[in-house]
Amino acid sequence: MAIDYTQRIPNNVDLAGDRRLQRALENWQPRFLDWWKEMGPDGTTNFDVYLRTAISADANGWANFGYVKMPDYRWGIFLAGRDPNRQIAFGDNKGKPAWQEVPGELRSTLRRLIVTQGDTEPASVEQQRQLGKTAPSLYDLRNVFQVNVEEGRHLWAMVYLLHAYFGRDGREEAEALLERHSGDPDKPRILGAFNEKTPDWLSFFMFTYFTDRDGKYQLASLAESGFDPLSRSCRFMLIEEAHHMFVGESGVGRIVQRTCELMKEHKTDDVRSLGAIDLPTIQRYLNFHCSVSLDLFGQEASTNAANYYTMGVKGRYLETRLSDDHLLTNATYDIDTAEAGRIVRKAVPALSALNERLRQDYLEDCAKGLLRWNKTIEQAGIDFELKLPHRAFNRRIGAFADLHVSPDGKVMSEADWKAGEGTWLPTAEDRAFVTSLMGPAVIEPGKFANWIAPPQRGINNQPATFEYVRFN
Ligand SMILES: [Fe+2]
Ligand SMILES: [Fe+2]
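Residues numbered from 1 in each chain as written. Chains lettered and ligands numbered in written order. Predicted model: local features only at pLDDT ≥ 70, side-chain atom pairs only at ≥ 80, totals over all residues. Heavy atoms only, no water.

Chemist: Mind showing me how you'd approach the coordination of the iron ion (ligand 2) here?
Modeler: In ideal tetrahedral geometry, four donors around a metal make angles of 109.5 degrees, whereas ideal octahedral geometry with six donors gives angles of 90 or 180 degrees. Coordination sphere of the iron ion (ligand 2), protein contribution only: Glu151 (OE), Asp212 (OD), Glu241 (OE) and His244 (ND1), at 1.9 to 2.2 Å. The coordination sphere of the iron ion (ligand 2) comprises four donor atoms, whose angles at the metal cover 90 to 167°; the geometry is irregular. Here the donor residues of the iron ion (ligand 2) share one chain and are spaced in sequence as E-x60-D-x28-E-x2-H. The metal-metal distance between the iron ion (ligand 2) and the iron ion (ligand 1) is 3.5 Å, with Glu151 serving as a donor to both. Of the two residues, Glu241 and His244 are both situated in helix H6 (residues 228–266); the distance of three residues between them amounts to about one turn of the helix. (Donors = N, O, S within 2.8 Å, 3.2 Å for Na, K, Ca; no water. Tetrahedral: all angles 85-135°; square planar, octahedral: opposite > 155°, others 65-115°. Helix = DSSP H or I, 4+ residues; strand = E, 2+ residues; numbered from the N terminus.)

Chemist: Looking at this structure, how should I read the coordination of the iron ion (ligand 1)?
Modeler: Donor atoms from the polypeptide that coordinate the iron ion (ligand 1) comprise Glu121 (OE), Glu151 (OE) and His154 (ND1), at 2.1 to 2.2 Å from the metal. Donor residues for the iron ion (ligand 1) sit on one chain with the sequence pattern E-x29-E-x2-H. Given the relative accessible area of 3%, Glu121 is considered buried. (Buried < 20%, exposed > 50% of the residue type's maximum accessible area, 1.4 Å probe, protein only.)

Chemist: I would appreciate a short explanation of helix H10 (residues 414–424) in the present structure.
Modeler: Side chains three or four residues apart in an α-helix point the same way, a direct result of the helix having 3.6 residues per turn. Those residues of H10 lying buried are Trp417, Gly420 and Trp424. Down the axis of H10, the buried side of the element spans an arc of 80°, and every buried residue falls inside it. In H10, the exposed residues that point more than 90 degrees away from the buried face are Ala415, Lys418 and Ala419. On its buried face, H10 is in contact with helix H7 (279–295), strand S5 (404–405) and strand S6 (411–412). (Arc of directions from axis to C-beta. Contact = heavy atoms within 4.5 Å.)

Chemist: Explain the packing of helix H5 (residues 201–222) against helix H9 (residues 354–379) to me, please; I cannot follow it from the model alone.
Modeler: Any two packed helices are characterised by how steeply their axes cross, that is the angle between the axes, and by the distance between the axes. At their nearest, the axes of H5 and H9 sit 10 Å apart, and the two run at 140° to each other. By the criterion of interaxial angle, the relationship of H5 to H9 is oblique. Two packed elements cross with a definite hand, and for H5 against H9 that hand is right-handed. Judged by residue contacts, Tyr209, Phe210, Thr211, Arg213, Asp214, Lys216, Tyr217, Gln218 and Ser221 of H5 engage Leu358, Asp361, Tyr362, Asp365, Cys366, Lys368, Gly369, Leu370 and Trp373 from H9. For the contact of H5 with H9, the per-class residue count stands at eight nonpolar, four polar and six charged. (Axes fitted to C-alpha atoms, helices over the stretch in contact; angles between N-to-C directions. Parallel < 35°, antiparallel > 145°, perpendicular 65-115°, else oblique. Left-handed = near helix turned anticlockwise from the far one by under 90°. Nonpolar A, V, L, I, M, F, W, Y, C, P; charged D, E, K, R; others polar.)

Chemist: Please explain empty space enclosed by the protein as it appears in this structure.
Modeler: Vacant regions in the atomic arrangement are exposed by a probe of water-molecule size rolled over the atoms. Scanning all chains against the criterion turns up one cavity of 30 Å³ or more. What lines the largest cavity is simply Ala193, Glu196, Lys197, Thr198, Phe207, Thr211, Phe288, His289, Val292 and Ser293. Counting residues per element, the ones that place at least two in the lining of the largest cavity are H5 and H7. Among the elements that take part in the lining of the largest cavity, H7 stands out by supplying four residues, more than any other. Residues of the lining of the largest cavity, tallied by class, amount to four nonpolar, four polar and two charged. (1 Å grid on protein atoms, 1.4 Å probe; cavity = no way out; pocket = protein on both sides within 12 Å on 5 of 7 lines; lining within 4 Å. Points joined across faces, edges and corners; volume = space filled by probe spheres on them.)

Chemist: For this particular structure, what's the right way to read unusual backbone geometry?
Modeler: Among all residues except glycine, the phi angle is most often negative; among peptide bonds, the trans geometry is most common. Although it is not a glycine, His326 sits at a positive phi angle of roughly 60°. Note on placement: His326 falls in the loop between helix H8 (303–311) and strand S3 (332–339). Residue classification places His326 among the buried residues on the basis of a relative accessible area of 11%. The phi torsion at Leu328 lies on the positive side, around 65°, for a residue other than glycine. Along the polypeptide, Leu328 turns up in the loop between H8 and S3.

Chemist: Teacher, can you tell me more about the side chain of Ser293 here?
Modeler: Note on placement: Ser293 falls in helix H7. Since its relative accessible area comes to 0%, Ser293 is described here as buried. Those residues in contact with Ser293 that sit more than four places away from it in its chain are Phe210, Thr211 and Tyr362.

As structure tokens, then:
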């Protein structure tokens with residue numbers, strides 16, 4: 001269904017056909033805009049940004065490019081098309097028609113899942129609020145703004161579900177999504193990683209690589225949900241999400257490339273003195289963002305995850321492409337967990353291991369970008385390899401939270417871990433150095449900060465020299 005842009009809230013859900021809902025969302029809209037102005041990208045109200053906006057939810061309409069002032073971005077409600085024959089693919093309700101309304105007994109579970117997902121979307125906008133001031137180029141500036149407006153739209157996607165299907169509770173939750181703020185000591189965001197700072201562009205690229213990818217895996221498993229409106233929302237969000245991970249992968253890749261160029265040209269490891277980021281620092285940032293993002297998947301063995309699956313509300317990654325009984329009542333799954341102070345591998349009921357299984361899918365996906373980054377390093381003739389940290393490293397949640405484990409998976413005493421910490425995680429000095437590279441935004445078209453290489457190609461086939469943002 002084409003998106004109706006004649007409405008105050010663009011949508012492809014026939015909002016005009018439900019006056020009550022339309023009015024409720026039109027009441028929420030100015031509060032969202034107030035939030036955007038207060039907590040969104042700082043000082044950008046008047047910028048013309050070369051953004052993509054969806055004009056329909058099908059393949060040829062979702063990426064339409066043009067200059068937009070961000071507060072005028074057409075945030076709206078876009079669901080992927082409905083398959084009238086869709087069935088629930090897993091759990092106790094497998095084979096039944098997908099739910100078009102919320103089953104009463106699943107109400108609070110679904111609401112909690114939607115709120116938790118929804119909370120991450122504005123949180124990341126808040127985390128990235130100051131980045132525009134130190135953008136390494138107009139190209140990168142445009143990319144962070146694109147990510148920001150789309151996270152704003154993802155908030156809309158979840159708020160629509162809350163308003164449309166959860167009555168008064170849903171409306172209250174929608175308000176609360178604008179009241180919690182990233183890092184706020186009194187009203188923090190729900191999940192830990194979304195209360196961390198994103199103070200510099202290396203952090204931003206690592207965040208979009210690792211933490212937005214957690215988003216991809218959460219959305220993909222919610223896209224399998226038996227609750228069809230949630231599934232269709234997530235399917236469309238996943239299309240937008242891909243760009244965020246592209247920004248992360250190419251951003252880290254361009255930093256690695258620039259570092260390698262300088263190492264080769266000057267025959268030195270000391271690229272800090274040349275104003276670039278050394279590979280060990282990149283590795284430490286990687287270790288931090290990867291481990292923090294791994295926590296987002298929850299406990300290794302989880303009865304919640306088992307219940308979500310059995311009830312049909314949250315599936316596995318690409319559930320319908322897996323070939324098993326989609327009930328998992330008799331299946332087992334091997335997980336790494338902690339027992340008596342060690343890491344042990346053991347078979348557990350597959351239902352209780354669903355978080356860990358999703359984390360495993362996620363880690364395999366994470367590894368792909370590292371292959372490409374390492375190829376750049378290898379091609380420069382440099383003997384260094386970026387590695388994913390062991391899944392037990394630096395964890396706050398789950399079975400490994402009480403263990404002290406090095407990035408290569410060695411269990412050790414707290415004292416030894418503390419002694420190694422500064423070589424594994426960004427130190428205050430690393431952060432100060434990276435911050436020192438973040439000069440005033442580079443705003444001349446085609447120019448890039450010294451510590452990052454230009455992209456291979458621009459956005460929407462535009463050249464890297466394109467004027468992606470116009471300041472007025
Ligand atoms: Fe998102
Ligand atoms: Fe994202």
